[in-house]
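Residue-level listing of the chains:
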Amino acid sequence: MDSLGLMDNLELKRYLVYLHLMNYAKSQPDMAMMAVNTFVKDCEDPNPLIRALAVRTMGCIRVDKITEYLCEPLRKCLKDEDPYVRKTAAVCVAKLHDINAQLVEDQGFLDTLKDLISDSNPMVVANAVAALSEIAESHPSSNLLDLNPQSINKLLTALNECTEWGQIFILDCLANYTPKDDREAQSICERVTPRLSHANSAVVLSAVKVLMKFMEMLSKDLDYYGTLLKKLAPPLVTLLSAEPELQYVALRNINLIVQKRPEILKHEMKVFFVKYNDPIYVKLEKLDIMIRLASQANIAQVLAELKEYATEVDVDFVRKAVRAIGRCAIKVEQSAERCVSTLLNLIQTKVNYVVQEAIVVIKDIFHKYPNKYESVIATLCENLDSLDEPEARAAMIWIVGEYAERIDNADELLESFLEGFHDESTQVQLQLLTAIVKLFLKKPTETQELVQQVLSLATQDSDNPDLRDRGYIYWRLLSTDPVAAKEVVLAEKPLISEETDLIEPTLLDELICYIGTLASVYHKPPSAFVEGGRGVVHKSLPPRTASNESTESPETAPAGAPPGEQPDVIPAQGDLLGDLLNLDLGPPVSGPPLATSSVQMGAVDLLGGGLDSLIGGTNFVAPTTAAAPANLGAPIGSGLSDLFDLTSGVGTLSGSYVAPKAVWLPAMKAKGLEISGTFTRQVASISMDLQLTNKALQVMTDFAIQFNRNSFGLAPAAPLQVHAPLSPNQTVEISLPLSTVGSVMKMEPLNNLQVAVKNNIDVFYFSTLYPLHILFVEDGKMDRQMFLATWKDIPNENEAQFQIRDCPLNAEAASSKLQSSNIFTVAKRNVEGQDMLYQSLKLTNGIWVLAELRIQPGNPSCTVRAPAPATPRPWSLLSLPGQGLALVEDVVQASLQAWLEPQSVLSLGRTFLESFQLNPVKLPR
């Protein structure tokens, strides 16, 4: 009390009084109102500390009645000559906005706050940015921080001079800005980089957040990109020398960073080695980061360290270390054998919890590398009696069931588990049920009683609905269709990927934008733990600018290519990469193609541009408008193997033939993504009907598709739309519309199509053969007079003739079947008991194909005769290179072969040589 009586400092006395008012204003608002006049008066005090203290106190008293008295003093303080008063008033605007947002907007305080960003004092700028950021978070729709290059430059200038907390506010504001191009992004990064050496860890993390975000816009080919990667490593390493709590926060943020850009810390593995005095939460986090940084280059060092950890006394840490060894085996294939050897050595220690963890991870290794390390099964079986944890017992049961055919006493081992079936956990019961059913399907004669016993226990004696339902499913499968049961139970297992424990890419991108906040510690977006909508803003990394992507068009020849020489689309036969590596897998550009965009071979487009590019002279008359096909609305065919749809009944229209879906890309070659598909043509539109199946253990998103150049210019007409993330074991059906306006290049075989599919995991490549009848257009019926003139103009020696076997259709039925695939009968006549059908079809690129079909009633075979022109009229080959005719012949032959025998499309090249004696100039009869 004596000391209080000695206080002569007026500012301190006022501060204590104002502090008392702030504490009791809510409970006694009327009493607080009596002090308003004093506040207003103090805002005019010549001492800037008192002016700032008054306006701060008025902002902290959360009483609605006071706000109206606060406006005028606040307005004056925002324009005060002293920067300390201005920075205090800036924060007061945010507090007043929280009490009465409408009042702040009406009084124009927000505009004044924006003006303060240009203030000459860096602390005023920092507080203005902090106030605007807080207001913007509570009102995400408002565009308060409308940043531009000029305002960004002012913020970067203030960054060097303000306090550490001011620097954090400005850096967080910069992180919300999206540069207009990669040059601006690099400029900002250069000016933010010095903050990495700051003593305050919060400033360092805020700087890292800005750099990580803007690096998305920098090309990896830039020298500065590599320099920036090197500069990011030392500050992150330095953070690990702080006290344990700060280490943990730093490690959680580093965990996100190495998932996004592991190259930053790939040479810093030793920093994450565990120290004996680290707390357990730091040890576990370091262990996780070690696995993420493990590679073929450092795996030996990592394994030696993990083996040491596995002999520690901390049980939780030992378990995590053993599991880490298994993760190394899955991530680095070259180290798998060494990891398995290490695990076997740990099993020999006979330490119970080590043995059990080792068995769990060996199960995952078997899953990743089937039929490779099964020699260790005998060692695992020796420790069967020591397993008492549900996860370890379930793993051992899975191993016995999966490799039952290689274990002589597999039935005895599983029967020993069955003795205490009702005492086991649900996890073990379910695994035991499946393992015994597997054993029965592999050794049915020896294990019939065992499978009946487990099915009875699961269905009749169990109260668990999951176990009971699985038991009933197996029972019904085995009793009704053992073949189907084998396909279900012994089906191909989903792949285990080293990426299954990674954060989903979209979420990871969002968390990178929250580095240095609680979200980066929880590894959850703010919406997951912040109640209500206040302060929750969904963020994402900026898109890469166009200058970062490959600027070389798929149609542009390399710079070193000689003039007039077309580079190969495919470097070598069977190489599926080719131009696909350079394709932009974004959505296709809509709109008609430019006339100049066709691919040049020599100096002429052989297939693009329609029939006009192949016709010379003026005697050719365009065919009249063809009648619409009679069955455009007919249903799709039933999936038989030819256009005649022989088994569906004579004279029955079934629509254009649709082949059943085939597997184009197996899951083993696409990290768990299986793609099946077929091609259809309906009502003048071509579609690729796809079936995507996720057989991996992680969600798949961000799908896109692109085609390589091909013979008929097939290209996606719309983006690949997968409207929801594709979850593990989920299948989705998609119909992708196709156009024929893409880049053209002759393929071998002619109907070969090379495809690239991208998702959030990787880009995958495959090739498939499309049936040529999808290219037959609806206006392919040639005028009779034109047909006759064209047919007569082609010499007899330029004809090909072959027979179609097993075609028990009369002329009417054959004509109807063919018309459903846009192959039209122009004329019909009967000569010596034979029905003669004269057919025409037109391809999407304008090439016409004429043919004569002879059908002998009662004869299951029919004869096809097709002319191949060699004179300039109407198949003009003027100005074409020497092999031009051979290319046209390929089109004609492929069209006829797919038309009449589509099943032979799978071996087009061989069939052509057998059906036609190919000649580069003529087609002999």
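Residues numbered from 1 in each chain as written. Predicted model: local features only at pLDDT ≥ 70, side-chain atom pairs only at ≥ 80, totals over all residues. Heavy atoms only, no water.

Draft legend 1. Inspection of the sheet that holds strand β3 (residues 685-694) at higher detail. In space, the five strands of this open sheet follow the order β1-β2-β3-β6-β5, with antiparallel pairing throughout. Edge strands, defined here as strands with exactly one partner in the open sheet, are β1 (662-665) and β5 (715-716). Summarising the sheet, β1 and strand β2 (residues 673-682) pair through three bridges and their orientation is antiparallel. What sits directly across from Ala-662, in β2, is Gly-677. (Pairing = 2+ DSSP bridges. Helix = DSSP H or I, 4+ residues; strand = E, 2+ residues; numbered from the N terminus.)

Draft legend 2. The pattern of salt bridges, seen in detail. If you walk through the whole model with that rule in mind, you get 25 salt bridges. In this structure, Arg-393 engages Glu-424 in a salt bridge whose closest nitrogen and oxygen atoms are separated by 2.5 Å. Residue Arg-393 is found in helix α23 (residues 390-402), and its partner Glu-424 is found in the loop between α24 (410-418) and α25 (426-442); the two are separated by 31 residues along the sequence. Across the pair, Glu-424 and Arg-393 agree in class, each one buried. Residues participating in the shared-partner salt-bridge network are Arg-319, Arg-323, Glu-357, Glu-389 and Glu-391. (Salt bridge = Lys/Arg side-chain N within 4 Å of Asp/Glu carboxyl O. Buried < 20%, exposed > 50% of the residue type's maximum accessible area, 1.4 Å probe, protein only.)

Draft legend 3. Fine view of the packing of aromatic side chains. Applying the stated rule across the entire model yields nine aromatic pairs. Both rings, one in Tyr-248 and one in Tyr-281, keep their centres 5.5 Å apart while their planes meet at 90°; by these two values the pair is edge-to-face. Within this pair, whereas Tyr-248 is found in helix α16 (residues 244-260), its partner Tyr-281 is found in helix α17 (residues 280-293), the two being separated by 33 residues in sequence. Classification of Tyr-248 as partly exposed rests on a relative accessible area of 25%. Aromatic side chains Trp-664 and Phe-766 sit 6.0 Å apart centroid to centroid with 25° between the ring planes, which places their arrangement in the stacked category. Taken together, the residues span a long stretch of sequence, with Trp-664 in strand β1 and Phe-766 in strand β8 (residues 763-769) at a distance of 102 residues. Overall, Trp-664 belongs to the buried group, its relative accessible area being 13%. On the basis of relative accessibility, which here comes to 2%, the residue Phe-766 falls in the buried class. (Phe/Tyr/Trp six-rings, centres within 6.5 Å; stacked < 30°, edge-to-face > 60°.)

Draft legend 4. Structural view of the environment of Gln-452. Assignment of secondary structure puts Gln-452 in helix α26 (residues 448-459). Each C-alpha atom, one on Gln-452 and one on Ile-436, is 9.7 Å from the other, the two residues being 16 residues apart in sequence.

Draft legend 5. Seen up close, the packing of helix α13 (residues 182-192) against helix α14 (residues 201-214). Look at α13 against α14: their axes get within 10 Å of each other, and the N-to-C directions meet at 160°. For the element pair α13 / α14, the angle class is roughly antiparallel. Judged by the sense of rotation from one axis to the other, the crossing of α13 with α14 is left-handed. Residue-level contacts link Ala-185, Ile-188, Cys-189 and Val-192 of α13 to Ala-207, Val-210, Leu-211 and Phe-214 of α14. Residue composition of the contact of α13 with α14, by class: eight nonpolar, no polar and no charged. (Axes fitted to C-alpha atoms, helices over the stretch in contact; angles between N-to-C directions. Parallel < 35°, antiparallel > 145°, perpendicular 65-115°, else oblique. Left-handed = near helix turned anticlockwise from the far one by under 90°. Contact = heavy atoms within 4.5 Å. Nonpolar A, V, L, I, M, F, W, Y, C, P; charged D, E, K, R; others polar.)

Draft legend 6. Highlighting the sheet that holds β8. Pairing is antiparallel in the open sheet, where three strands are placed in the order β4-β7-β8. What marks the edges here is a single partner per strand, and that holds for β4 (704-707) and β8. For this sheet, the mean angle separating the axes of adjacent strands, direction not counted, is 25°. By the bridge criterion, seven bridges tie strand β7 (residues 752-758) to β8 in an arrangement that is antiparallel. Paired with Val-757 across the strands is Phe-764, a residue of β8.

Draft legend 7. The arrangement of the nonpolar core in detail. By size, the foremost hydrophobic cluster in this structure holds 185 residues, and its most contacted members are Leu-74, Leu-155, Leu-306 and Phe-366. Residue assignment places this core across two domains, with domain 1 (1-146) and domain 2 (389-490) each supplying three or more. Beyond its immediate chain neighbours, meaning those up to four positions away, Leu-155 contacts Ile-117, Val-125, Val-129, Leu-147, Ile-170, Cys-173 and Leu-174. Counting 48 residues, the second-largest nonpolar core is a separate cluster that includes Phe-766, Ala-813, Leu-837 and Leu-853. (Core = buried A, V, L, I, M, F, W, Y, C linked by side-chain atoms within 4.5 Å. Domains from an automatic or database assignment.)

Draft legend 8. Broad picture of unusual backbone geometry. Residue Pro-749 follows Glu-748 across a cis peptide bond; omega there is 0°. Structurally, Pro-749 is set in the loop between β6 (731-739) and β7. In this model, Lys-350 sits at a positive phi of 65°, which is unusual for a non-glycine residue. Its place among the elements puts Lys-350 in the loop between α20 (336-347) and α21 (352-368). The backbone phi angle of Lys-671 is positive, close to 50°, even though this residue is not glycine. Looking at the element boundaries, Lys-671 is found in the loop between β1 and β2.

Draft legend 9. Layout of the side chain of Thr-434. Turning to its location among the elements, Thr-434 is positioned in helix α25. When near neighbours in sequence (up to four residues on either side) are disregarded, Thr-434 contacts Arg-470 and Tyr-474.

Draft legend 10. A negative patch on the surface, seen in detail. On the surface, Glu-412, Glu-415, Glu-419 and Glu-449 cluster together into a patch of negative charge. Relative to the helices and strands, Glu-419 is located in the loop between α24 and α25. Look at Glu-419 and you get exposed, because its relative accessible area is 71%. (Patch = residues over 30% accessible without salt bridge, like charges linked within 9 Å, V, L, I, M, F, W, Y side chains within 5 Å. Areas by Shrake-Rupley, 256 points an atom, 1.4 Å probe, with all protein chains shown as cover. Lys, Arg positive; Asp, Glu negative; His and termini not counted. Charge placed at Lys NZ, Arg CZ, Asp CG, Glu CD.)

Draft legend 11. Quick peek at the environment of Val-208. Relative to the helices and strands, Val-208 resides in helix α14. For the pair Val-208 and Leu-171, spaced 37 residues apart in sequence, the C-alpha separation works out to 9.5 Å. Discounting residues that sit within four places of it in the chain, Val-208 has contacts with Leu-196, Leu-232, Leu-236, Ile-257 and Ile-515.

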